[in-house]
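Summary of the model geometry
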Amino acid sequence: MYTVGLQSAADAFIMSSFKVQVILALLILFVLLVFGHGSSKDDLSAQTPVYLPGSHLLAIAPFFRRRFDFLNDGFRKTGEKLFQFHMLRETVIVVSGESARKAFFANRAFDLTEGFKVLSGAIPMVKGVTSDLQTRRIALIHKRLASVQKNEHLQQLIVPVLDDCDRVMDTWGASGRFDPFEKIYELVFQTTVRCIASQEIADDPALVARLKGLYDILDSGTTPTTILLPWLPVPSMLRKLLATKEVYDIVSRAIDIRAKSGKPQNDTLQMLIDAQDEHLVIVGFIMGLLVAGARATGTTASWLITFLGNNTEWKDKAIREIDGLLSTYRPQAATSSSLSSHLASIPLEAWEAETPILDALIHETLRIAQPHTAMRRNLGPDTVIDCKTIPSGAYIVYPFSDVHLNPELYPDPWKFDPSRKEAKTPFGYVGWGGGKTICLGQRLARIELKLITSMMLLRFRCSIVDSRGARPDPLPRPNWNDILLCRPDKDIYYLAYEKTELSL
């Protein structure tokens, strides 16, 4: 009976139109992909990491949407410090614990670029520009990022970054309230464009807003489908492609306009042009680092301001520290009475060496509110972590929550306490990365964060309120399932602000 039924179905399929055949074929392929890759127990041995139960595609979809919960559930369900699951044909191994952390950050064969490209999918991918780069080109981009952070260039960025803060904050008015994960992030995006791209783009608020909107499309279009099946022309993938092309066109056009004008400017784009870098290198540098910098720094800035909103003790400490710098480094000429001009008189060396309170605030914010999961691919031979084999070609994942939210290392880990001492254990703090993969842009990020925080604290009286305008109880807590901004999970919180009268 079943044979006759199958024969009838086959005949019906053959007699159907080509369009119907394609749709049915895609549907069958989808079902096979979603339900056909479960746990494999054929190769289980004492050296094999345990498989996550039910690791077909539907079961692992939360890896992309609620990663913090997914990984914690994996450790709970398996009862192990290491577990693995399949992502189509790829093997992904999740590790935790001190010895695994040491091995993860120390192994030079664990490649960041390959891991992030496949498991993240949020960077705009243009072959030869932001993906599939030769080792020489990657090294060149890293070299240019180091140049951006040399003393002279960073010192020159202080004034325009503060001017950007002034201009954006003027648009907020004298008082009001807003969602800090929108407005503070928009401000950081503006200052990051200023630091990484060109004056022409940074001086055009509409163009900056358009760029941010395009990167938002890339974020929202990053779904399990677009990552796992990038060849499937679903609407979200098409939107990502169009957004990527427009970002490329905006950056490329800025380069062409500068080259044709023959008028040099004092910005990062000019530095890249003067170094005679290839057009694609310049485009890739700006496209990739712009979004990477804005996301990480934007998350940190949004939460730093949020944490200080109702923390009078640390807010007052930070204000006293900044006031001390203003008293020590007064403008040589009273050309302007603006706050930004007075802060601009503080030299780079002082911002970096004389701000222990701001450093502590950034350090603690990165610990609590940077929901990072490090992703690598083993490009070397098989290796062993905690007596478990990590095959060559496998992807390895290490969640920063394993150390930063570990109550044995950081008691009451969700509490914002900048006075904490760093955990005395190997890689006990990885806010800026660890091992051979330290954040190469951290010097620039620190300066951005300090300038923005100083402008906010001295220009406004701020507090965090709920939708009724009352002090929230409990206070907002970072949601590590939001891998972009870590914004609170359910309730909406606002930053209520009122402009202060400064006597400088």
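The rules behind the values
Residues numbered from 1 in each chain as written. Predicted model: local features only at pLDDT ≥ 70, side-chain atom pairs only at ≥ 80, totals over all residues. Heavy atoms only, no water. Core = buried A, V, L, I, M, F, W, Y, C linked by side-chain atoms within 4.5 Å. Buried < 20%, exposed > 50% of the residue type's maximum accessible area, 1.4 Å probe, protein only. Helix = DSSP H or I, 4+ residues; strand = E, 2+ residues; numbered from the N terminus. Contact = heavy atoms within 4.5 Å. Axes fitted to C-alpha atoms, helices over the stretch in contact; angles between N-to-C directions. Parallel < 35°, antiparallel > 145°, perpendicular 65-115°, else oblique. Nonpolar A, V, L, I, M, F, W, Y, C, P; charged D, E, K, R; others polar. Salt bridge = Lys/Arg side-chain N within 4 Å of Asp/Glu carboxyl O. 1 Å grid on protein atoms, 1.4 Å probe; cavity = no way out; pocket = protein on both sides within 12 Å on 5 of 7 lines; lining within 4 Å. Points joined across faces, edges and corners; volume = space filled by probe spheres on them. Phe/Tyr/Trp six-rings, centres within 6.5 Å; stacked < 30°, edge-to-face > 60°. Lys NZ or Arg CZ within 6 Å of the ring centre and 35° of its normal.

Here we come to the nonpolar core. Trp172, Phe189, Tyr215, Leu343, Trp351, Leu361 and Met456 are the most contacted members of the largest nonpolar core, which has 115 residues in total. At 15 residues, the largest contribution of residues to this core is made by helix 16 (residues 279–309). Look past the residues within four positions of leucine 343 in its chain and what remains in contact with it is Leu162, Ile322, Leu326, Trp351, Ser454, Met455 and Leu458. Counting residues in each nonpolar core, the second largest holds 23 residues, with Leu88, Leu229, Leu232 and Val397 among its members.

In contact at an axis separation of 9 Å, helix 16 and helix 20 (residues 356–369) are set at 105° when each is read in the N-to-C sense. Of the possible angle classes, the one that applies to helix 16 and helix 20 is roughly perpendicular. Across from Thr299, Thr300, Trp303, Leu304, Phe307 and Leu308 in helix 16, the residues of helix 20 making contact are Leu361, Ile362, Thr365, Leu366, Ile368 and Ala369. Along the lines of polarity and charge, the residues of the contact of helix 16 with helix 20 split into 9 nonpolar, 3 polar and no charged.

Glancing now at the pattern of salt bridges. Overall, the coordinates contain 27 salt bridges when judged by the stated rule. The shortest N-O distance in the salt bridge between glutamate 90 and arginine 377 comes to 3.7 Å. Taken together, the residues glutamate 90 in strand 3 (residues 90–94) and arginine 377 in strand 6 (residues 373–378) connect sequence positions 287 residues apart. Given the relative accessible area of 29%, glutamate 90 is considered partly exposed. A salt bridge links aspartate 216 to lysine 212; the shortest N-O distance between them is 2.9 Å. Here lysine 212 and aspartate 216 lie together in helix 12 (residues 205–220), a separation of 4 residues that amounts to about one turn.

Of the pockets and cavities examined, the second largest pocket occupies roughly 670 Å³. As for the second largest pocket, its lining consists of 27 residues, of which Trp414, Leu475, Pro476, Arg477 and Pro478 are closest to the centre. Elements supplying a minimum of two residues to the lining of the second largest pocket: helix 5 (67–78), helix 16 and helix 17 (312–328). Partitioning the lining of the second largest pocket into residue classes produces 13 nonpolar, 5 polar and 9 charged.

Turning our eyes to something else, we now look at the packing of aromatic side chains. Considering all chains together, one arrives at 22 aromatic pairs under this definition. A connected cluster of aromatic rings, assembled from ring pairs, spans Phe104, Phe105, Phe110, Tyr398, Phe400 and Phe427. Across from the ring centre of phenylalanine 63, 4.4 Å away, lies the NZ or CZ of arginine 67, which sits over that ring. Seen from the ring of tryptophan 314, lysine 317 lies directly overhead, with NZ or CZ sitting 4.0 Å from the centre.

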